[in-house]
Structures are given as structure tokens and as C-alpha cells.
Amino acid sequence: MTRGAVAVRLAKMAVLAAIPLLVTACGGGSAPPPGPVSPSTTAAPVDEFVPKTRTPDPAAVGIGLTTIALSSTDKTDRVTFQFTGSAVPGWAVHYVKQAVSNTSTLSEFPVQGQSIIEVLIREAANPFESGVPPYSGPPVVTDPELRTIGEVRYASALRGVTQAFIGLATPQRAFRVTALTDPIRIVVEVDHK
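Bear in mind the structure is a predicted one, so any value in this text is a computation, not a measurement.

Could you give an account of the overall build of the protein, naming the residues involved and the relevant values?
Along the protein, the regular secondary structure elements total two helices and ten strands. A total of 193 residues make up the protein; the buried ones form 40% of that total. Considering only residue pairs separated by 6 or more positions, the protein has 68% of its internal contacts joining residues 24 or more positions apart. Of the roughly 10,700 Å² that the protein leaves accessible, carbon and sulfur atoms contribute 59%.

Just give me the short version of the confidence of the model for the protein, but keep the residues and values in it.
Mean pLDDT over the protein: 79, with 72% of residues reaching 70 or higher. When pLDDT is averaged over each helix and strand of the protein, the minimum, 43, is found for helix H1 (residues 3–25) and the maximum, 98, for strand S6 (residues 140–141). Under a pLDDT of 50 for its full length, residues 1–45 has, in the predicted model, 24 contacts with residues more than four places off or in other chains.

Give a description of the packing of aromatic side chains that names residues and reports values.
In this structure the tally under the stated criterion is three aromatic pairs. Ring centres 5.5 Å apart and planes at 75 degrees place the aromatic pair Tyr-95 and Phe-175 in the edge-to-face group. Residue Tyr-95 is found in strand S4 (residues 90–96), and its partner Phe-175 is found in strand S9 (residues 175–180); the two are separated by 80 residues along the sequence. An angle of 45 degrees between the planes, with centres 4.7 Å apart, marks the rings of Tyr-135 and Tyr-154 as tilted. One end of the pair, Tyr-135, is in the loop between helix H2 (127–130) and S6; the other, Tyr-154, is in strand S7 (residues 149–158), and 19 residues separate them in sequence. Using a relative accessible area of 13% as the deciding quantity, one classes Tyr-135 as buried. With a relative accessible area of 15%, Tyr-154 lands in the buried category. The ring centre of Phe-175 lies 4.0 Å from the NZ or CZ of Lys-52, which sits over that ring.

Rules and cut-offs
- Residues numbered from 1 in each chain as written.
- Predicted model: local features only at pLDDT ≥ 70, side-chain atom pairs only at ≥ 80, totals over all residues.
- Heavy atoms only, no water.
- Helix = DSSP H or I, 4+ residues; strand = E, 2+ residues; numbered from the N terminus.
- Buried < 20%, exposed > 50% of the residue type's maximum accessible area, 1.4 Å probe, protein only.
- Contact = heavy atoms within 4.5 Å.
- Areas by Shrake-Rupley, 256 points an atom, 1.4 Å probe, with all protein chains shown as cover.
- pLDDT = per-residue confidence, 0-100.
- Phe/Tyr/Trp six-rings, centres within 6.5 Å; stacked < 30°, edge-to-face > 60°.
- Lys NZ or Arg CZ within 6 Å of the ring centre and 35° of its normal.

Structure representation (C-alpha cells):
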């Protein structure tokens, strides 16, 4: 990967991380529109292929990844990232053409699959400063029973960002990201079709 390509990738990641902050700072569109509003009978379509981002809760500092688990439903495959702490971290989850490690080398990271989703969990602990133990689970998680997800690879926890990649055994599929609490979990759900 050339230095120019790395610079473009880092710029894209910075823009993705800033979008929720800008929306919040601009009022997030919460003000009612002027004048009467007629009810709508159809909702605007949601593009489930676009990057998903969330700003971390203010208390989501010093959290640590403890578990990566796979599961499925009749329509989706799921990756669950479980964390220490009690506040929901932020995230930036999006498709990438190739997996690039978030370490200082910015080297290509081996991920098997027809398409790759990068998962960046923001406000994760730096184990050298926070006292939170680093992730000690398996670096590669697989389940041969899953239809869409081929593997999940833990990449790094660096500068407050935990990075993992989801290798799909299929072309790109629609996906969603949600947070669950007690314990804190981030769930990436990928459609089978």
C-alpha cells in the first residue's frame, strides 16, 4: 500500500469518526421544520451498506475487549464484541477493499473473504496506560455453521481504538450495528441475502 493510499485511508477514517460529532454540534436536525408538516406514508429507504458510526458515551474510557463471539439467526450472522466497563463505546464500521492494520506499520492484514468489514471501536483502553488487560482471546474466530461470516480477526488495540475485521464468505451484504448493555456489547449483524 503506497503512502498516498495510506494517507487517503486515514483521512477517510477521520471523516467517519467526525460525522457524529458534527451532527450533534449542528443540532442533529432535532428542531421541528417551520410551518405545517404533512404526514408521510412511506419512509425514506435506508442504505444498509453505508458506514455506521456512533459517538462514545462520555464514560466510555478505559474499556477493554474481553470476548469475540459468533452466532446466527434464520436471516443474519452476528459478531458480538464484549467489553469491560458500563458505558457504550463509539464505533466506525464500514466495508474496506483490503484490511490494513491500525498499528504504526499500516501493513496489510490477512483476512479471508470475498468482502471485508472493518470494525473500529472507539475509546478502548490503551493497556499500557489504563491498567485494563489487553484482549487475550483467540485472534481468529470462526464458526463453520455461519452462512455469511467466514472469520473475524482481531487486529489491534491502539490509541484508544480496538480494530477487528470481519471476512465475509459472500459479496457485500447489508449490515447493522447495535449496542447492548449489562455487559457492554457491540453487535455487528450481517444479512444472509
